Amino acid sequence: MTALGPAGSGAAPAGQHPDTGAAGRRGVATTARGGAFGLVGSAANALFGFVLVAVVTHGLGARGAGAVFTGVAAFTILSNAFKLGADTALVRFVSRDLELTGGGGVPGLLRTSVLPTLVASTAGALVMFFSPGLAGWLLPDLDPDRATVILRLFAVFLPVTTVSLVLLGATRGFGSVVPFVGVEQIGKPVLRVLLALPLVLLAPSVVGVSAAWLAPGLLGAVAAGLSLRRSCRARPGSSRPPSQAREFWAFAGPRAASSVFDIAAVWIGVILLSVLGTSAQAGVYTAIGRLVTAGTLLQLAIRLAVAPQISRLLAGGDEPAAHHLHRVSTRWIGLFSWPVFVVLAAFPGAVLSLFGPDFGGGAAGLVVLCAACLINVGVGNAQTVILMAGRSVWNLGVAGAAFLVQLGTGVWLVPRYGVLGAAVSWGLAIVVDNVASALLVRYRLGFRTVDLGYLRAALVGVGVVAPPAFAMRTIFGDSSLGASLGIVLAIGAFCASVWRYRLPLGVGEFFGALRKRGSGNSR
């Protein structure tokens, strides 16, 4: 619980910086509530993502699943590329416009962003549709005609998915994560499972499952448009500023390139394994990627909520509140995310066996990525701070360097070591990206991340969880029994420590914010 000072004393809640003020407290509260809802959505996304991977791998086998997810990888990279950085730019510019003008510039921002992304994605779709040779290169294990059908299917859905992501970026700028979470993290994953399951049971095929993955995008686009329309009507704006097109694209341009690097980092291993290895290896690597993504659920959830709040605080000149929000949110991310990767690293084979007997070979790769992700969640949302401070060029430089490391090492390691090589290349990229971003945030923007509360969170999240987990691994091996006992003991030790040190860790501030009513900016 959050301790309050005597009435009229002006004392800040326990664990909260005294200089944050009302705006800072509102930002922390909004981030906590948005992060909690985002965590629910991320958990649903991960759960149904696991179910989908399990359904597809069991129904089509590692080879068929690898072909499906190779198409998904290429589609995801292209849809994020053709956003042209407009979704992240809308988060920053819409939230800033609400702070400065009450939303008068939002219609102009939408006109500036949506049409170029529609044109770019349509052009890309036409190239995909009329390039059968590309299908043969991307899916060499499939019959050329079937590979062409799959590529054209993904091409048809490319423009609507791209524009939908841009519209959802605008809704986040209004301070609400509900539309994004509802569409991208709950609606689409649930519908994909509901559509894929009967297809796999009755008529399993790579084309049918690919269509099941794509179809929910149509409903998602409709929902995104309706949600944005509602937000715009609720905040009509008090003034109309001059056009922000030049400033908007000066920010969005570098972000467009860096977003390609970001999403490519997740999927390039699948493509390299499909091209340089086998589709079966691509399927195993996809399963590992799902597990790693599960460990970053809270980080993603907090990122969705914290980005517009930091942008709003910086636009209003309240830098101390923005610094405090970054420190507190990073502490929350590390505290609740580190234990996940410790447990995954202790029992990689047992966890991967959930996908089937063919996936145990990915255990070493999963351990490598868990080690890298301890650093990833440890720096919080440093990349978000860089972007919301308007430094998209910095973000591009860091993301580009990390991608070059991943691509260069991947081309060399994947043919030799398969899934492990792809995991090592991705792990190196994660370390480069996060360490560089953390240094920029600390020494160029002045955001301090590590304090006494952070060190306590690290002690609890890693130091308390690792001993019981690895003790059970030593006694029972990487088995289902060892994993079950290790997880139970680790959860018990973790919960006891969090409760004992809840005030120094700032947990009371987080749950106290959840109990309070939302502010107008977090509808």
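Residues numbered from 1 in each chain as written. Predicted model: local features only at pLDDT ≥ 70, side-chain atom pairs only at ≥ 80, totals over all residues. Heavy atoms only, no water.

Q: Help me understand the environment of leucine 191 in this model?
A: Along the polypeptide, leucine 191 turns up in helix α6 (residues 178–202). Taking the C-alpha atoms as reference points, leucine 191 and phenylalanine 48, 143 residues apart in sequence, are found 9.3 Å from one another. Leave out the neighbours within four places in its chain, and leucine 191 touches Pro216 and Leu219. (Helix = DSSP H or I, 4+ residues; strand = E, 2+ residues; numbered from the N terminus. Contact = heavy atoms within 4.5 Å.)

Q: What should I look at first to understand the nonpolar core in this one?
A: Side chains that are nonpolar tend, in soluble globular proteins, to be buried together. Ranked by internal contacts, the top residues of the largest apolar core, which has 144 residues, are Leu90, Phe154, Phe248, Ile288, Val292 and Phe347. Every residue in contact with valine 292, bar those within four places of it in the chain, is listed here: Phe341, Leu366, Leu369, Cys373 and Trp426. (Core = buried A, V, L, I, M, F, W, Y, C linked by side-chain atoms within 4.5 Å. Buried < 20%, exposed > 50% of the residue type's maximum accessible area, 1.4 Å probe, protein only.)

Q: How should I be thinking about helix α14 (residues 363–378) in this particular structure?
A: Given 3.6 residues to a turn, an α-helix orients residues that are three or four positions apart in the same direction. The end-to-end C-alpha distance of α14, which contains 16 residues, comes to 23 Å, matching closely the 22 Å that a straight helix rising 1.5 Å per residue would cover. Residues Ala363, Gly365, Leu366, Leu369, Cys370, Ala372, Cys373, Asn376, Val377 and Gly378 constitute the buried set of α14. Among the residues trailing α14, glycine 380 stands out with phi positive, at a value near 70 degrees. (Expected span 1.5 Å × (residues − 1).)

Q: Explain the packing of aromatic side chains here, please?
A: Each aromatic ring pair is characterised by the separation of its centres together with the angle its planes make. All chains considered together, the criterion is met by eleven aromatic pairs. Between phenylalanine 75 and tryptophan 213 the ring centres are 5.7 Å apart and the planes differ by 85 degrees, which places this aromatic pair in the edge-to-face class. With phenylalanine 75 in helix α1 (residues 21–81) and tryptophan 213 in helix α7 (residues 206–214), the pair connects residues that are 138 residues apart, well separated along the chain. The pair formed by phenylalanine 75 and tryptophan 213 is uniform in burial state, with each residue classed as buried. Here the aromatic rings of phenylalanine 154 and tryptophan 213 are separated by 6.4 Å at their centres, their planes lie at 50 degrees, and the arrangement is tilted. Placement of the pair is phenylalanine 154 in helix α5 (residues 144–173) and tryptophan 213 in helix α7, with a sequence separation of 59 residues. An identical accessibility class is assigned to phenylalanine 154 and tryptophan 213; each is buried. Each residue in the set Phe93, Phe248, Trp249 and Phe251 is aromatic and connected to the rest through ring pairs, giving one cluster. (Phe/Tyr/Trp six-rings, centres within 6.5 Å; stacked < 30°, edge-to-face > 60°.)

Q: How should the packing of α6 against α7 be read in this particular structure?
A: Each pair of packed helices can be summarised by the angle the axes make with each other and by the distance between the axes. Axis separation between α6 and α7 bottoms out at 8 Å; the angle between their running directions is 165 degrees. With respect to α7, the element α6 is oriented roughly antiparallel. Read as a crossing pair, α6 and α7 show a hand that is right-handed. Of the residues in α7, those touching α6 at Arg192, Leu195, Ala196, Leu199 and Val200 are Gly208, Val209, Ala212 and Trp213. Residues of the contact of α6 with α7, tallied by class, amount to seven nonpolar, one polar and one charged. (Axes fitted to C-alpha atoms, helices over the stretch in contact; angles between N-to-C directions. Parallel < 35°, antiparallel > 145°, perpendicular 65-115°, else oblique. Left-handed = near helix turned anticlockwise from the far one by under 90°. Nonpolar A, V, L, I, M, F, W, Y, C, P; charged D, E, K, R; others polar.)

Q: Sorry, what's going on with the packing of helix α9 (residues 245–276) against helix α17 (residues 419–443) here?
A: Put simply, α9 and α17 touch, their axes get as near as 9 Å, and they point 165 degrees apart. Regarding the angle of α9 to α17, the classification is roughly antiparallel. For the pair α9 and α17, the crossing hand works out as right-handed. In this structure, α9 uses Asp262, Ala265, Val266, Gly269 and Leu273 to contact α17, whose residues at the interface are Val419, Ala422, Trp426 and Asp433. For the contact of α9 with α17, the class distribution of residues is six nonpolar, one polar and two charged.

Q: Quick question: what am I supposed to make of the side chain of threonine 148 here?
A: Position of threonine 148 among the secondary structure elements: in helix α5. Not counting residues up to four positions away in its chain, the partners in contact with threonine 148 are Pro132 and Ala135.

Q: Would you mind showing me how to read empty space enclosed by the protein here?
A: Where empty space is left in the structure can be found by rolling a water-sized probe over the atoms. A complete count under the given rule lists four cavities of 30 Å³ or more for this structure. When residues of the lining of the second largest cavity are traced back to their parent elements, those giving at least two are α1 and α5. For the lining of the second largest cavity, the residue count by class is eight nonpolar, one polar and no charged. (1 Å grid on protein atoms, 1.4 Å probe; cavity = no way out; pocket = protein on both sides within 12 Å on 5 of 7 lines; lining within 4 Å. Points joined across faces, edges and corners; volume = space filled by probe spheres on them.)

Q: What am I meant to see in the confidence of the model for the protein here?
A: Of the residues in the protein, 87% reach a pLDDT of 70 or more, and the chain-wide mean stands at 82. Counting interchain partners and residues more than four positions distant, the pLDDT-below-50 stretch residues 1–19 has 23 contacts. Segment residues 514–523: pLDDT under 50, and 25 contacts once partners within four positions in sequence are set aside and those in other chains are kept. (pLDDT = per-residue confidence, 0-100.)

Q: For this particular structure, what's the right way to read the pattern of salt bridges?
A: Two side chains bearing opposite charge may form a pair once their charged atoms approach each other closely. This structure, assessed with the given rule, holds six salt bridges. Where glutamate 184 meets lysine 188, a salt bridge forms, and the shortest distance between an N and an O atom there is 2.8 Å. Here glutamate 184 and its partner lysine 188 are both found in helix α6, four residues apart, which amounts to about one turn of the helix. In terms of burial, glutamate 184 and lysine 188 fall into one category: buried. A salt bridge links arginine 255 to aspartate 262; its shortest N-O distance comes to 2.9 Å. Arginine 255 gets classed as buried once you look at its relative accessible area, which sits at 11%. By relative accessible area, which is 29% here, aspartate 262 ends up partly exposed. (Salt bridge = Lys/Arg side-chain N within 4 Å of Asp/Glu carboxyl O.)

Q: Would you mind going over helix α3 (residues 106–129) with me for this structure?
A: Between its first and last C-alpha, α3 extends 34 Å over 24 residues, near the 34 Å set by a 1.5 Å rise per residue. Among the residues making up α3, those that are buried are Val106, Leu109, Leu110, Thr112, Ser113, Thr117, Ala120, Ser121, Gly124, Ala125 and Met128.

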